[in-house]
Amino acid sequence: MNLKPETLLRIDEAITHYPVKRSATLPLLHLIQEDIGHIPDEAIEWVAAKLELQPINVYEVVTFYPMFKRKPIGRRHIKVCRTLSCALMGGYKVCDTFKKEFGVELDEVTPDGGTTIEFVECLASCGTAPVVMIDDDLHENVTPEKARELAAQIKAGTAVRK
Amino acid sequence: MSAPQQRRIIFQHIDEPGYTPDIDCYLRHGGYEILRRAVTRPPGELRDEVKQSGLRGRGGAGFPAGVKWSLVDRKSGKPIYLIVNADESEPGTFKDRYIIHQDPHQLIEGTMISCFANDVKQAYIYIRGEMPHGARLLERAIAEARAKNFVGPNILGTGYSCEIYVHRGAGAYICGEETGLIESLEGKRANPRIKPPYFPAVLGLYQCPTIVNNVETLCHVRHIIDMGGVEYAKIGTPNNTGTRIFGVSGHVQRPGTYEYECGKITLGQLLYDVCGGPLPGRKLKAVIPGGSSAKVLRFGEKFTLKNKDGSTRELAMEDIPLDFDTLAACGTMGGSGGLIVMDDSVNMVEALANINAFYSHESCGQCTPCREGSLWMKKITSRMVHGNARREDAALLKGVADQIPGRTICAMGEGCSWPTQSFLAKFGEEFEAYHETKKNRPADALPLI
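Residues numbered from 1 in each chain as written. Chains lettered and ligands numbered in written order. Predicted model: local features only at pLDDT ≥ 70, side-chain atom pairs only at ≥ 80, totals over all residues. Heavy atoms only, no water.

A few points about the overall build of chain B
- The helix and strand inventory of chain B stands at 17 helices and 13 strands.
- The C-alpha atoms of chain B give a radius of gyration of 22 Å, which matches the 22 Å a tight globule of 449 residues would have.
- With the principal axes as the frame, chain B shows a C-alpha extent of 75 × 50 × 50 Å.
- The buried share of chain B, reckoned over its 449 residues, is 61%.
- Across chain B, contacts joining residues at least 24 apart in sequence account for 70% of those joining residues at least 6 apart.
- Roughly 16400 Å² of accessible area belongs to chain B as shown, and the carbon and sulfur atoms make up 52% of that amount.
- Across chain B, the mean location of the 53 positive side-chain charges is 3 Å away from that of the 51 negative side-chain charges. (Helix = DSSP H or I, 4+ residues; strand = E, 2+ residues; numbered from the N terminus. Rg over C-alpha atoms; globule rule 2.2 N^0.38 Å. Buried < 20%, exposed > 50% of the residue type's maximum accessible area, 1.4 Å probe, protein only. Contact = heavy atoms within 4.5 Å. Areas by Shrake-Rupley, 256 points an atom, 1.4 Å probe, with all protein chains shown as cover. Lys, Arg positive; Asp, Glu negative; His and termini not counted. Charge placed at Lys NZ, Arg CZ, Asp CG, Glu CD.)

Set out below in structure tokens:
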């Protein structure tokens, strides 16, 4: 596991935020996942050593929180909100549109390693449903047409990362 | 009767053209003046103002914030922590997102006043993982506030020091429950703690006294200290003071966030006059008034409520004033202020199946009734929707739902069973008949599950 020097600096900084090192578990896992894309066994052991914990203490955290991925996902991550307000406004159709556009099932990676689609629970933007997050960016009032446009942008590599 | 005017206190600058989330803009609009005044007053006096204001928590339970603060163990000799609950994750709730993204300094000022009032030296903002931009905005805002000496050591030369850090969650709903949140902040699975003995005010973060308040609640504190608790208590209605932000989503013409004096607007006014009523050609059928765990209300429903003198009065569902107490008297709750509206195109079995899938996914798994119950409610409703509905399903669902509340460590047990219980009570005929209805549902009906 090769973490960027900048990640290592941010990890050391994050640990200083807490009087008890264990509290830095989530921040460290976020930083590692942002750097290398997922949380392999190696990362679990590394975090445990860093925070003076047993690997099981970190493992049980990684498996509890849906945002941590144990396996690599696509470089682009599409999260469609599945929960009620979005579903009432067509969230399931939006999700289907993305699946068709990329020819993959949920949580798979497109053959080129590019994209993963996930159907997630509430993204807390119910008033502009249905919503989709692409990487860190929220897209609101997403119709199937808009989903097709976003898919085309991702495929063309032009979808803007803010 | 048309709807009253909005009273925008918390949302004063939200969506205002030219209003930006940086500190310069905030200072131009009088920002941090209230903190400046607050730190010259005795902390106990500030706590009294909040108590007098009658402010009730805006996160869901509506517990009086002043009382919550008064329960804090100030004699333990241990540090007191304050946690901002920005883990907005009850489906239908999306108000805090706007505060965080558009007016982060309002939250930081409210938090710092609350910290000073409670002698807190360290605060954490626990923000849900799905708001990465919000987390970055808050971090930037804290850095700006620190540079101006509103946060950090020796605040405004008073000798009082307090730090705030942002802590990101990672997608688990249960972290909104305050003891689950504390476990999560300690770096563990977010399994809620058993109360007693783990009341946060006594044994919270690192077993120290801890205050956990919602984002909107802490913003209200800023305005309470500005106008005084007694003056603030004149806004809204008795025991339901201040304003509330209502987030309306689902089948209305104008979904969005609206801020009104608590109890001064009715459900009908909000949904018809403010939100424009149903979409063309549709009729409103049901509304969940306070986040998806609140019990559903059916349009056309009537309630018999008790007056103070013991007499009773009848109240139509549309005429319910949106406050904590009346909604509770009508068998539901104001909760987080998130209203989810469903029109006559919605089949209630399908809507419930969607909700059940959420709660089953989000149970922390600690208590058997919630873990197994939420799972079986999901399995049954999902099976019904996917073509295997049986005549006895309604009774089966009721049997499962009734065995959960009161038998779990945290309120998620109630939260996951209330939808099933209320959908069955109010729309039971749709569940009884679903094995027939399903055959006639149009193939292009919008899937909810």
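On we go from here.
Observations regarding the overall build of chain A
- When its secondary structure is counted, chain A shows seven helices and four strands.
- In chain A, the succession of α and β elements from N to C terminus is α-α-α-α-β-α-α-β-β-β-α.
- Seen through its principal axes, chain A has C-alpha atoms that stretch 50 × 30 × 25 Å.
- Split into buried and exposed, the 162 residues of chain A put 57% on the buried side.
- Residue pairs at least 24 apart in sequence account for 62% of intrachain contacts in chain A once pairs closer than 6 positions are excluded.
- Carbon and sulfur atoms provide 51% of the accessible area of chain A, an area that totals close to 7300 Å².
- The centroid of the 20 positive side-chain charges in chain A is displaced by 3 Å from the centroid of its 24 negative side-chain charges.

A short note on the packing of aromatic side chains
- Taken as a whole and assessed by the stated rule, the structure comprises 15 aromatic pairs over all chains.
- Relative to A:F68, the ring of A:Y65 lies with its centre 6.4 Å away and its plane at 75 degrees, an arrangement referred to as edge-to-face.
- By relative accessible area, A:F68 is classed as buried at 5%.
- A centroid spacing of 6.4 Å and a plane angle of 65 degrees characterise the contact between B:F94 and B:Y98, whose relative ring orientation is edge-to-face. (Phe/Tyr/Trp six-rings, centres within 6.5 Å; stacked < 30°, edge-to-face > 60°.)

A short note on the interface of chain B and chain A
- Taken together, the contact between chain B and chain A spans 60 residues of the former and 42 residues of the latter.
- In total, about 4100 Å² of surface goes out of reach between chain B and chain A, with carbon and sulfur atoms giving 61% of it.
- Of all residues in chain B, B:R168, B:A170 and B:R189 give up the largest surface area on contact with chain A, accounting jointly for 15% of the area buried on that side.
- Close ionic contact of A:E34 with B:R168 constitutes a salt bridge, the shortest N to O distance being 3.2 Å.
- Along the contact surface separating chain B from chain A lie 21 residue pairs in polar contact (both at pLDDT 80 or more).
- When grouped by side-chain class, the residues that make up the side of chain B that touches chain A number 33 nonpolar, 16 polar and eleven charged. (Buried area = accessible area lost by both parts, 1.4 Å probe. Salt bridge = Lys/Arg side-chain N within 4 Å of Asp/Glu carboxyl O. Polar contact = N/O pair within 3.5 Å; in protein donor to acceptor, adjacent residues only side chain to side chain. Nonpolar A, V, L, I, M, F, W, Y, C, P; charged D, E, K, R; others polar.)

Remarks on the UniProt feature "binding site: [2Fe-2S] cluster" (unreviewed entry) in chain A
- Per the UniProt annotation, the sites labelled "binding site: [2Fe-2S] cluster" (unreviewed entry) are A:C81, A:C86, A:C122 and A:C126. Taken together, the annotated residues stretch across 46 residues yet fold into one region, lying no more than 9.4 Å apart by C-alpha.
- Residue placement: A:C86 occurs in helix α5 (residues 84-88).
- A relative accessible area of 3% places A:C86 in the buried class.
- Leave out the neighbours within four places in its chain, and A:C86 touches A:C81, A:G91, A:A129, A:P130 and A:V131.
- Within the secondary structure, A:C122 is located in the loop between β2 (115-120) and β3 (132-134).
- A relative accessible area of 4% means that A:C122 is categorised as buried.
- In contact with A:C122, other than residues within four places in its own chain, are A:C81, A:T83, B:S89, B:P91, B:G92, B:R128 and B:F358. (UniProt positions renumbered as here; feature names shortened; annotations may be inferred.)

What about the nonpolar core?
- A:Y65, A:F98, B:M342, B:F423 and B:F431 are the most contacted members of the largest nonpolar core, which totals 166 residues.
- Considering every element that reaches this core, the biggest residue donor is helix α13 (residues 348-362) of chain B, with nine residues.
- The residue makeup of this core includes at least three contributed by each of domain 1 (5-64) and domain 2 (76-156) of chain A.
- Beyond its immediate sequence surroundings of up to four residues, A:F98 is in contact with A:I78, A:V80, A:I117, A:V132, A:A147, A:L150 and A:A151.
- In this structure, B:F246, B:V287, B:C330 and B:V341 belong to the second largest nonpolar core, which totals 25 residues. (Core = buried A, V, L, I, M, F, W, Y, C linked by side-chain atoms within 4.5 Å. Domains from an automatic or database assignment.)

What to know about the pattern of salt bridges
- Summed over all chains, the structure comprises 42 salt bridges over all chains.
- We note a salt bridge from A:K50 to A:D12, for which the minimum N-O separation is 3.0 Å. You can see A:K50 sitting in helix α3 (residues 41-50) and its partner A:D12 sitting in helix α1 (residues 5-15), a full 38 residues away along the chain.
- Between B:D119 and B:K121 there is a salt bridge; the shortest N-O distance is 3.1 Å.

With respect to the domain arrangement of chain A
- Assigned domains of chain A: these are domain 1 (5-64) and domain 2 (76-156).
- Domain 1 of chain A and domain 2 of chain A are separated by 29 Å when their C-alpha centres are compared.

Some remarks on the sheet that holds strand β1 (residues 81-86) of chain B
Residue and element names in this part refer to chain B.
- If you walk across this open sheet you meet the four strands as β3-β2-β1-β4, and the pairing is parallel. What marks the edges here is a single partner per strand, and that holds for β3 (163-168) and β4 (210-214). Going from strand to strand, the sheet's axes swing by 20 degrees on average, the running direction of each strand aside.
- In terms of strand pairing, β1 meets strand β2 (residues 122-127) through six bridges, oriented parallel. From the neighbouring strand, A86 faces β2, where its bridge partner is I127.
- Across the sheet, helix α7 (residues 132-147) touches β2 and β3, and the angle it forms with β3 is around 170 degrees. (Pairing = 2+ DSSP bridges. Axes fitted to C-alpha atoms, helices over the stretch in contact; angles between N-to-C directions.)

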